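Here are the chains, one letter per residue:
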Amino acid sequence: MLSAIALTPSAPVLVPELAGAATREVARFHDAAVAAARELPDRWIAVGVGGSDGVFGPATRGSFGGYGADVEVTLSHDAPQTVTALPLCALFTGWLRGLANPAAQAEVRVYSADYEPEAAFGLGRRLRAEIDRAGEPVGVLVVADGATTLTAAAPGGHDPAASAMQAALDDALAAGDVAALAAVSTDVVGRVAYQVLAGLAEPGPRSARELVRGAPYGVGYFVGVWSP
């Protein structure tokens, strides 16, 4: 059964070994992400977005080496020593698992960024049905970013319309408004993950709690917890 849903960004800058001088600036997002993940049980299914569909099971080890530091992460405490090339959402899941609950086992579901909204909703509904058949508590970790065009220093450049778009996304996540997630702009890099979340949680969570929102370095980050 689905016991809790934690929402975090997929942000390498939250990893202290990668953050450098930015560690203090992003500390509140780091702390909130760990706190949100601690509300999940010992079995996690993480949802993220990548270049193509993929599934990474608990027996997986990866490294942030491609992001500037050889920080190894695992999806379970007894993963083998072989390092696998992983998408960012899987790396972030492993890193967060190690901090929040080292006893947890995580499986990462990566969804292609080009799914249409209704297809993404359908994927979420099927994932919920799968979780409901499980004989143990399952927590879902949604690892996704918002807009990447919120300031002049943002990686996608500055789009003046992005601030309103990000605010609407943050408000929807804070309220547990799954209908509003259907209208998330394609400019949101985590759009598909958020729409899988909507299908997973429809008609909506019992409660939704925002821990922090903001846009360090021009990228929209939201951390929160939904109770199904």
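Summarised in this report is the structure supplied together with it. (Residues numbered from 1 in each chain as written. Predicted model: local features only at pLDDT ≥ 70, side-chain atom pairs only at ≥ 80, totals over all residues. Heavy atoms only, no water.)

Tallied over the entire structure, the rule returns three aromatic pairs. Residues Phe-64 and Tyr-67 carry aromatic rings whose centres are separated by 6.1 Å and whose planes lie at 70° to one another, so their mutual orientation is edge-to-face. Assessed through its relative accessible area of 0%, Phe-64 is described here as buried. What makes Tyr-67 partly exposed here is its relative accessible area of 41%. Ring centres 5.2 Å apart and planes at 50° place the aromatic pair Phe-92 and Trp-95 in the tilted group. Of this pair, Phe-92 and Trp-95 are both found in helix H3 (residues 88-100), three residues apart, which corresponds to roughly one turn of the helix. (Phe/Tyr/Trp six-rings, centres within 6.5 Å; stacked < 30°, edge-to-face > 60°. Buried < 20%, exposed > 50% of the residue type's maximum accessible area, 1.4 Å probe, protein only. Helix = DSSP H or I, 4+ residues; strand = E, 2+ residues; numbered from the N terminus.)

Residues in a regular strand point their side chains to alternate faces of the sheet. Burial runs high along strand E6 (residues 105-112): six of the eight residues are buried. Across three bridges, strand E3 (residues 54-56) lies against E6 in antiparallel orientation. Within E6, the position partnered with Val-55 by the bridge is Arg-109. (Pairing = 2+ DSSP bridges.)

This part takes up the packing of helix H2 (residues 27-37) against H3. Running from N to C, H2 and H3 point in directions that differ by 75°, and their axes come no closer than 9 Å. Between H2 and H3, the angle is such that the two are roughly perpendicular. Residues His-30, Ala-33, Val-34 and Ala-37 of H2 touch H3, and the partners they reach there are Trp-95, Leu-96, Leu-99 and Ala-100. When grouped by side-chain class, the residues that make up the contact of H2 with H3 number seven nonpolar, one polar and no charged. (Axes fitted to C-alpha atoms, helices over the stretch in contact; angles between N-to-C directions. Parallel < 35°, antiparallel > 145°, perpendicular 65-115°, else oblique. Contact = heavy atoms within 4.5 Å. Nonpolar A, V, L, I, M, F, W, Y, C, P; charged D, E, K, R; others polar.)

In this section: the packing of helix H4 (residues 117-132) against helix H7 (residues 191-201). Put simply, H4 and H7 touch, their axes get as near as 6 Å, and they point 50° apart. Considering the angle they form, H4 stands oblique to H7. With respect to the hand of their crossing, H4 and H7 are arranged in right-handed fashion. Across the interface between the two elements, Pro-117, Ala-120, Phe-121, Leu-123, Gly-124, Arg-125, Leu-127, Arg-128 and Ile-131 of H4 pack against Arg-191, Val-192, Gln-195, Val-196, Ala-198, Gly-199, Leu-200 and Ala-201 of H7. A per-class count over the contact of H4 with H7 returns 11 nonpolar, three polar and three charged. (Left-handed = near helix turned anticlockwise from the far one by under 90°.)

Take the pattern of salt bridges next. Under the definition given, this model contains 10 salt bridges. For the salt bridge of Glu-118 with Arg-125, the shortest nitrogen-to-oxygen distance reads 3.1 Å. Overall, Glu-118 belongs to the exposed group, its relative accessible area being 54%. Arg-125 is paired through a salt bridge with Glu-202; the nearest N and O atoms lie 2.5 Å apart. Taken together, the residues Arg-125 in helix H4 and Glu-202 in the loop between H7 and strand E8 (207-214) connect sequence positions 77 residues apart. (Salt bridge = Lys/Arg side-chain N within 4 Å of Asp/Glu carboxyl O.)

Turning our eyes to something else, we now look at unusual backbone geometry. A cis amide bond links Glu-202 with the next residue in sequence, Pro-203, at an omega value of 5°. Among the structural elements, Pro-203 can be located in the loop between H7 and E8. If you check the backbone angles, Tyr-217 has positive phi at about 60° while not being a glycine. Following the sequence through the fold, Tyr-217 ends up in the loop between E8 and strand E9 (221-227).

In this section: the sheet that holds E9. As summarised here, the arrangement of the seven strands in space is E3-E6-E2-E7-E1-E9-E8, forming an open sheet in which the pairing is mixed. Looking at which strands have only one partner, the edges of the open sheet turn out to be E3 and E8. Each adjacent strand pair in this sheet contributes to an overall mean axis angle of 15°, direction not counted. In terms of strand pairing, E8 meets E9 through seven bridges, oriented antiparallel. Across the sheet, residue Gly-214 finds its bridge partner in E9, namely Tyr-221.

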